[in-house]
Structures are given as C-alpha cells and as structure tokens.
Amino acid sequence: RDSTGSAMAFSTFSGYGMDLRSLTRSSWPLLLLAIVLVVPEVGGAADVDVDVLIIGLGPVGMILSHLLSAYGVRNTMAIEKTNKLYIGPRAVAWDDYTIRTSRSISEETESWMRWHARLFADQWALACVGLKSGPAAARTGACDSYDAQARWRMNAMVSTRQPSVYFHQPTWEGWLRDGLSNLSLDVSLSTEVLETAIVDGICQVTVRSSSNGDGASEERPNKTIRARYCVATDGASSRTRRQLGLSYEGQTFPDQPWLVVDTEVHDVEYLKTAWIGHEGSGFIMNPTCPLVYILTPAFFGEWWAEADAEAAAQTESPKGSAAFRQHRDEALHRMAAVRLPKVKPEGNQTKSDDTDTPLVPPGTHFRFEFLVPGNMSEEEATSDANVGQLLRTCAEVDPRFLEIKRVVVYTFHARRAEKWRLGPVLLAGDAAHCMPPFQGQGMNSGIRDAANMAWKLSLILRGIADDAILDSYEPERLTNLQQVTDASVLLGRIVMVENPLLAYVRDVTFTFGNWLRSTFPFLDGIQTVIFVEPPHILSEASLLAQGYDQQVAGRLLPCPDVWLRDDPSMPQPLDKLVAPNGFTIILVSGPGVDPLKTVLKASARSLDFLRLLGASSLAVAPFDESTSGSGDALKGAVEASVVVGLGGGGRCIDSSGRWTAWVKRYKLEGRLLLVRPDRYIFGAFADVDSAVLRLSQLLRSPGAPPGAEPQLLGGGEV
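Note that the structure is predicted; figures quoted are calculated from it, not measured. (Residues numbered from 1 in each chain as written. Predicted model: local features only at pLDDT ≥ 70, side-chain atom pairs only at ≥ 80, totals over all residues. Heavy atoms only, no water.)

Turning our attention to the sheet that holds strand 21 (residues 433-434). Overall, antiparallel pairing links the 3 strands, which are arranged 10-18-21 in an open sheet. Edge positions in the sheet fall to strand 10 (248-252) and strand 21, since each of these pairs with one other strand and no more. The sheet strands contacting helix 16 (residues 473-495) are strand 18 (413-417) and strand 21, and the helix crosses strand 18 at an angle near 165 degrees. (Pairing = 2+ DSSP bridges. Helix = DSSP H or I, 4+ residues; strand = E, 2+ residues; numbered from the N terminus. Contact = heavy atoms within 4.5 Å. Axes fitted to C-alpha atoms, helices over the stretch in contact; angles between N-to-C directions.)

Right under this line is the structure:
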C-alpha cells in the first residue's frame, strides 16, 4: 500500500482484536472514534517530507534505491553531493550474492548483470595465484584445479560457493544511475549535507544544493529535509556518521600503501603478442615487487546499447518485454560469436583455440596494483617515470600501448562504525565498515547491507512490522562481515610478503597444497585462495526461527538447477522461481512425502497473512538419477500444489542432485522452508501455520520468545 497511515491503522485495529471486514454500517461511529485513538500511534507520518532519505548515490545507495522501489516504497529521496558519476573504477568484482540480488531489482538489471557474467567470465575471470618469484613464474598455470567451463557456467554464477565476476564499475554505475529515472524516487544531485540530527525521533537533514535541477550550477538556499528513516551510504569518510558522533573503529595499514594504475588497451596487434592479451586476473607474488592485475570489460555498455538498438529496430514490442529481450539476447549472442575468441580449458588455464587471437578484446580495462616501498613518497610513486618503470619491469607490459586512465595511492583500512543504527539513522556500505580489497568484498558487503535492510524498511512502512526489527540489521550482518574482513587481511599478508625466505616458505606450502588436490580428487573442494561460503547468521538478535531443529535458519538458500514441472525443456536456477521481492514458501518433497497435505492444513488467517506479505510458493521434488536429463523424470515427481491464492513458480524437480543432497543433509524431507526476501532462510517448519505463527511474532514483537502469543494482522489467532 502507498498509504503508510492507513496500513498502520489496520495494524493497530488488529491489536485491539478488531477485524475491519466485520464492521457494519452501524459501526462507523465506532470506527471514527477508533481512528482518533489511533492517531497518536501512527504519529509522525504527516510530519515528515519523505519516508526514506538515502544520503549518497554510490553503488550501495543506488542498489538500495532500486530495492526500495521494487518493494513498493514510494516516498523516497536520494541525495548526492556530486553531479556526475565518478569515472574511476574502484570496485572490480561482483560476488554471487550481488548477482542474485539483481533479480530483486528488475528483470532488466538481472539480465544486464547475467549477460555480463555469461559473456566474459570464461575469458578472464580465473583468479590465478603465482606461487614462485617473478611474473613469468606466476604465469605457468598455477591456478586452482576447478574446470574453467564448469566453474563459470551461467547457472553456476548463482550458487553459494562461487567466487567473483569482474566488471567495470563506471559502466555498471551508469546503468544503475540511468535506471533511477524509472523509479518513484526524488533524486537531488549536487546536494551537500550540512547537518544531520535526530529531532523527536525524526531524522532531520540540512542540505545545500548547487544545481538548479537541470545540471547547471546555481547556488540555492539551504533546505531541511525531515525523514522517518535516513540511510547514510556516503562512504568511508561519512559526514553523517561523524555528525552523529559515531566512531570508526579498527586499524589502518599506513606502512602498506598500494599504487593503483587503471589503464585501457585498444591495440589488437599488441594484445596478440603481450601476455595480458591471453591471461586471467590474479596475483603475482614476487617478493621484490608484489603485483595484482585485474581485467574488466569496459566496453560492455557499448555492446548492450548496440544490442538494444538492434532489438528496437526488429520488434515493436516495448523495451523490457519478453519479445524485446529475446531479440536483444540474439544480438548479444551474435556479437559474442564474432568479437570474442572461442575458448577451452587447458590444464588449469582458459586458452584460446587460436594462439594468434587474444582472449582479451580491444577496449578492455586493465588494473595494475603495485606495493609501494615504504621509503617512497606519494608524489614519487605516482610520477610518470615510476609508473612506467613498474609497468615495464614488474608487470612486463609496454606502457606505450596502454592508455592510463587513473593513478592513485591507496592506504587500506579495516574499520567498523561503533553502531550501524542510531534511532532513525542507519549506516551502510563504507559508511558502516571498510576492509582491504584482496577479497573483492568491500562493495559487495555494502550491497548485502542494502539487501538486509530494504525488505525490513518496506514492512515497517507498510505497517506490517514493528520498527524494532531494524535492530537485527547490524547483528545479522556482523558474522559475514567479520569473516570476509579477516580473510581480506590474511590474503593481503600472503600477497605482500617481501622477505625472500618467507616468500619461499609460502610458495612451497601453496605448491604442496595444489599437489595434494591434484593427486587426491576428494580434496578438490579445499580452497587455496580464500573464497568462503556466506556463514550462518548466529546472532540471537536475528529475525530467524530459533530452536534445536532450526539448523538451516539463517543460511543462504542454495540455488541449484531445477526442471519446471510444466516446462522441462531446460534447467533453470532455483532463484528464478523464488519471489523476487517477497517471502517464499518452499514445500520440500521426499520419498513418500506429499507436501500437498501440508498446504491443506493451512488456516485462512495464515494464508491472508502470507498474501499481505506478498509471499509466493513452490514445491521442489527430489532428484531421480534413473531418469535425470529427461522430461519423463517429471512424470514421477511427487505431486504438490501451490498454496491457494499465492503466486509462485509451481512445481519443479531437482535436476542435478545438489538440492536433494542438501535436503538429506539437514533432514528436511516433507518440511516447509520459509525464505526471507533477502534469500536467507527464516526457518523450517512442519506446516504453514507454525511458520506464520513464528514470523508474525518476530515482525510484531522482535524480542518475543518462541512461545509468546503473536500479534497478527487481521486480528485473532492463527
């Protein structure tokens, strides 16, 4: 609902045991009196300018803007102190969760990101780790032992155990920024925050704008914006955080600065002969000159625009329709066939079929990161002479063929704000935490923040949930954040070894580990480089079902391939069937178990509550090895129906065995999984009513113990 006040009034009536549907005409005087009584509880809704004010439009702020719009939050404003996108790439990798989150935004955004992953992952996304001294020794195939094609399949990109896909941040941010114009969002660029304060429980922000709205510079009077909630995504130097007096605790690594050199290469002949035309991204752990090199497709935005124009010329269907996307997909396929070389796995590397054809197309963005000696000043490090020498001697590339886009010295930090929530103000992204870049998790962690808070803000503003559910935001995020921060620090220490003896010990250790994994296949899952599965949410403050039988509560929902019951033509990721921006009920089938019985026991009030949440449902049947790969496999699948009145993906069957193995591991046959909008599992239950009972308890009274009586919308008991 767009009307926050009416939604909250409906919630309040339920607290008094009233049901609006039972009111008769003679009851209207009572209704008017009740509305008067409700006003204090709804208070503040009319005293604010916006429901949510987003401060900062970097990638985290834009993702949050898109998510809130997808969840139906309309009265939102976003401000950004600059008028143009920052053209320098900072983040370089999406992790699997960021790609999964794209589906909650829109099909167009998901399509953009997945096409990006599909086209370019096999070309250069292998993270290769040099295990000996020197660049040449590092490029001998010392990567992990996963098969390149299998590891980077399109569907594999949405599993919970896959590493990152490299991307060009300015191109992606431009896509997100353009998409803001399609949202019910008030965007104010060239707007600087002067003061942030909390007044009577309301976030009050004083801003100064230097733009007239058309991009022209024009100083305007200061303006005060009152918001029910403010989300600060204004970076590591967040003015919002400082004005609220919140400390930024942790450590800085001043003795380990890195020189970042961003370049592009357009010369095809040079790419045919240079190693950078045939290699993936990774680390060169030379103790005399540690180096990180990363390749990203800066040209993808042009490819997408070209395919868009071609699709528009071939069909009259509106942009975003299935017909339009089909024409665009065909255009992108043709481009890839002509412009990208055919590749195949060879040993532990991805190789081109033609040795004279570079794996890397012209226009590719290259980033080189060099460890700066401790006795070198920033001015010396960024000088043309030093940059050229490092490129020639450490990276072994010819700077004459590189277009240098940016040169900057970075000092890394591992810090965290003392609080991520102070009343109506929340911090997200670098404003809340930062870490060294070696895991590629800085921006991705911020997007996890946005995904965690967006659905909670939506339920609060719709009057379905209590404000206190936001107290779970920081505790739920801390476990994962601490793990990836520690892993980033550790990986940095491994890469930045400058002592030759310690470097030798490190290289021998890694080489022995690779030998073990190649000799003993059952050790293949051991990761030499630290790519870890997002951990279980352990905090007691989490919005999860608690109990001894809730082992999967707080775990990220797996995303295996499944066959649709009504369309077995090809497997699809399970994520395609999960509600893009709502709760999902997954009915888990098993041998001799019929989840239809679970559905039939659901009460009308439970179903009403789920409809109010916008929940959907689907049933997943187990893998049948005897008939895998055939449409006939579905004929023997356990019949299960969609919960009456709820949308969803219907019925499907595990096509690979991954889902079935996971279900057996946690003994989930015949149970019901309630999945949150952020893809984390709320809990496993015996029936629908039990799931709704616990969920409604936590949404209305987050601190209530499992046995407490719930406060359900619509009144009465489940």
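What follows picks up the thread again.
Further remarks concern the packing of aromatic side chains. One pass over the full model with this rule turns up 21 aromatic pairs. Centre to centre, the rings of tryptophan 94 and tryptophan 112 are 6.2 Å apart; their planes meet at 70 degrees, and the pair counts as edge-to-face. Taken together, the positions of tryptophan 94 in strand 3 (residues 93-94) and tryptophan 112 in helix 5 (residues 107-124) put the pair 18 residues apart, joining distant regions of the chain. In this structure, tryptophan 94 and tryptophan 112 share a single accessibility class: buried. Their ring planes at 70 degrees and their centres at 5.6 Å tell us that tryptophan 94 and tryptophan 172 sit as a pair that is edge-to-face. Taken as a pair, tryptophan 94 in strand 3 and tryptophan 172 in helix 8 (residues 169-179) lie far apart in primary sequence, 78 residues in all. By relative accessible area, tryptophan 94 is classed as buried at 0%. Members of the aromatic cluster, connected to one another through ring pairs, are Trp94, Trp112, Phe167, Trp172, Trp175, Phe300 and Trp304. (Phe/Tyr/Trp six-rings, centres within 6.5 Å; stacked < 30°, edge-to-face > 60°. Buried < 20%, exposed > 50% of the residue type's maximum accessible area, 1.4 Å probe, protein only.)

So, on to helix 20 (residues 658-665). Restricting attention to buried positions, one finds in helix 20 the residues Trp659, Thr660, Trp662 and Val663. Projected down its long axis, helix 20 carries its buried residues within an arc of 165 degrees, all on one side. Seen from the open side of helix 20, the exposed residues pointing more than 90 degrees away from its buried face are Lys664 and Arg665. After helix 20 finishes, the residue lysine 667 shows a positive phi value of roughly 55 degrees. (Arc of directions from axis to C-beta.)

Across the interface, helix 3 (residues 59-70) lies against helix 15 (residues 442-461) with an axial gap of 9 Å and an inter-helix angle of 25 degrees. By the angle between their axes, helix 3 is roughly parallel relative to helix 15. Note on packing geometry: the crossing formed by helix 3 with helix 15 is right-handed. Contacts between helix 3 and helix 15 involve Pro59, Val60, Ile63, Leu64, Leu67 and Leu68 from the former and Met443, Gly446, Ile447, Ala450, Ala451, Met453, Ala454 and Leu457 from the latter. Looking at the contact of helix 3 with helix 15 residue by residue, the class counts come to 13 nonpolar, 1 polar and no charged. (Parallel < 35°, antiparallel > 145°, perpendicular 65-115°, else oblique. Left-handed = near helix turned anticlockwise from the far one by under 90°. Nonpolar A, V, L, I, M, F, W, Y, C, P; charged D, E, K, R; others polar.)

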